[in-house]
Amino acid sequence: MDDLSKRPDALSLANCPVSRTLEVVGTRSSLLILREAFFGTRRFQDFTERVGIGEAATAARLKDLTASGFLEKVPYQEPGQRKRFEYQLTDRGRDFFAAIMSLRDWGETWVSEGHRAPWRFMHRDCGAEVHTVTRCSAGHDVHAEDCVAVREPRPAAAEKAS
């Protein structure tokens, strides 16, 4: 495997999962809508008010997040009212929890000017505060300085095409 710090190129970055993720959730409003979904927000008007964006922007972001599989529209009906839809996290959306938590942890450390975030996630079973941790597949906690980015070997089909 090649060390990417020595030879980054378009091929090694073409299928980058960070880039592809940002294509889906790379707007501020998309990330804030997902944050609100983790808080339990489900209804269109609540997303609009809590994220602080207009209805057109809310509709566009909810449409994008639904189309990309982070949220699903589920019908509901209040007594005496017409049928409406609420938005619920899918498995894909729930798997994004660590990313939201990482952003919160980083933001609280580096851009909150000494103020704690006004919200926390607590572990339901023991009551302890939840934080993100990066671990290798052998179970060791790691930091950026402990890692090196490497390129996976190219599949045989890709080598023949080039």
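For the structure given in this document, a descriptive report is provided here. (Residues numbered from 1 in each chain as written. Predicted model: local features only at pLDDT ≥ 70, side-chain atom pairs only at ≥ 80, totals over all residues. Heavy atoms only, no water.)

1. A word on the overall build of the protein
Applied cut-off: We count a stretch as a helix when DSSP gives it H or I for four or more residues in a row; a strand needs E for two or more, and each element gets its number in order from the N terminus. For this analysis, residues touch if any pair of their heavy atoms sits within 4.5 Å.
Secondary structure summary: the protein contains 8 helices and 4 strands in total. Moving toward the C terminus, one meets the helices and strands of the protein in the order β-α-α-α-α-α-β-β-α-α-β-α. In the protein, once contacts between residues fewer than 6 apart in sequence are set aside, the share between residues at least 24 apart is 47%.

2. Quick word on the packing of helix H3 (residues 28-39) against helix H7 (residues 97-110)
To keep things clear, this is the line we draw: Helix axes are fitted to C-alpha atoms over the stretch in contact, other axes to C-alpha atoms as well, and angles between N-to-C directions run from 0 to 180 degrees. If an angle is under 35 degrees, it is roughly parallel; if it is over 145, roughly antiparallel; if it lies from 65 to 115, roughly perpendicular; otherwise it is oblique. Side-chain classes follow a simple rule in which Ala, Val, Leu, Ile, Met, Phe, Trp, Tyr, Cys and Pro form the nonpolar group, Asp, Glu, Lys and Arg form the charged group, and the remainder, Gly included, forms the polar group.
Where H3 contacts H7, the two axes come as close as 10 Å, and the packing angle between them is 105°. Classified by the interaxial angle, the pair formed by H3 and H7 is roughly perpendicular. Contact residues: Leu 31, Leu 34, Arg 35 and Phe 38 in H3; Phe 97, Ile 100 and Leu 103 in H7. For the contact of H3 with H7, the residue count by class is 6 nonpolar, no polar and 1 charged.

3. Thoughts on the nonpolar core
Stated formally: For this analysis, a nonpolar core means a set of buried residues of the types Ala, Val, Leu, Ile, Met, Phe, Trp, Tyr and Cys, connected via side-chain atoms within 4.5 Å. Note on exposure labels: buried denotes an accessible area under 20% of the residue type's maximum, exposed denotes more than 50%, and partly exposed covers the range between, all computed with a 1.4 Å probe on protein chains only.
The biggest cluster of nonpolar side chains holds 20 residues, and the ones touching the most others in it are Ile 33, Leu 34, Leu 65 and Leu 71. Elements represented by at least two residues in this core include exactly H3, helix H4 (44-51), helix H5 (55-67), strand S3 (84-89) and H7. In terms of residue count, H3 provides more of this core than any other element does, 5 residues in total.

4. Observations regarding the pattern of salt bridges
Selection criterion: Salt bridges are defined as contacts in which a side-chain nitrogen from Lys or Arg sits within 4 Å of a carboxyl oxygen from Asp or Glu.
Inspection of the entire model under this criterion finds 12 salt bridges. Residues Arg 116 and Glu 129 are paired through a salt bridge, measuring 3.2 Å at the closest nitrogen-oxygen approach. On the criterion of sequence distance, the pair formed by Arg 116 in the loop between H7 and strand S4 (150-151) and Glu 129 in the loop between H7 and S4 is long-range, its members being 13 residues apart. Its relative accessible area of 55% is what places Arg 116 among the exposed residues. Taking relative accessible area as the criterion, Glu 129 reaches 28% and is therefore assigned partly exposed. Salt bridges sharing partners connect three or more residues here, namely Arg 104, Asp 105, Glu 108, Arg 116, Arg 120 and Glu 129.

5. Regarding H4
Formally: It is the directions from the helix axis to the C-beta atoms whose arc is reported.
Restricting attention to buried positions, one finds in H4 the residues Phe 47, Thr 48 and Val 51. Buried residues of H4, viewed axially, fall in a sector of 100°; they line one side. Of the surrounding elements, those touching the buried residues of H4 are H3, H5 and S3. Trailing H4 by a residue or two, Gly 52 shows a phi angle of about 80°, which is positive.

6. Topic: the packing of aromatic side chains
We count it as follows: Any two of the Phe, Tyr and Trp rings considered here, Trp counted by its six-membered ring, make a pair once their centres fall within 6.5 Å; the pair's planes then place it as stacked at under 30 degrees, edge-to-face at over 60, or tilted in between. Look at NZ for Lys and CZ for Arg. If either is within 6 Å of the ring centre and within 35 degrees of the ring normal, a charge sits over the ring.
What the rule picks out here adds up to 7 aromatic pairs. Ring geometry for Phe 39 and Trp 119: centres 4.9 Å apart, planes at 75°, overall edge-to-face. Pair noted here: Phe 39 is in helix H3 and Trp 119 is in the loop between H7 and S4, with a separation of 80 residues, a long-range link. What makes Phe 39 partly exposed here is its relative accessible area of 37%. The buried category is assigned to Trp 119, whose relative accessible area is 18%. Taken together through their ring pairs, the aromatic side chains of Phe 38, Phe 39, Phe 97, Trp 119 and Phe 121 make up a single cluster. Taking NZ or CZ as reference, Lys 73 lies 4.7 Å from the ring centre of Phe 85, over its face. Taking NZ or CZ as reference, Arg 104 lies 5.7 Å from the ring centre of Trp 119, over its face.

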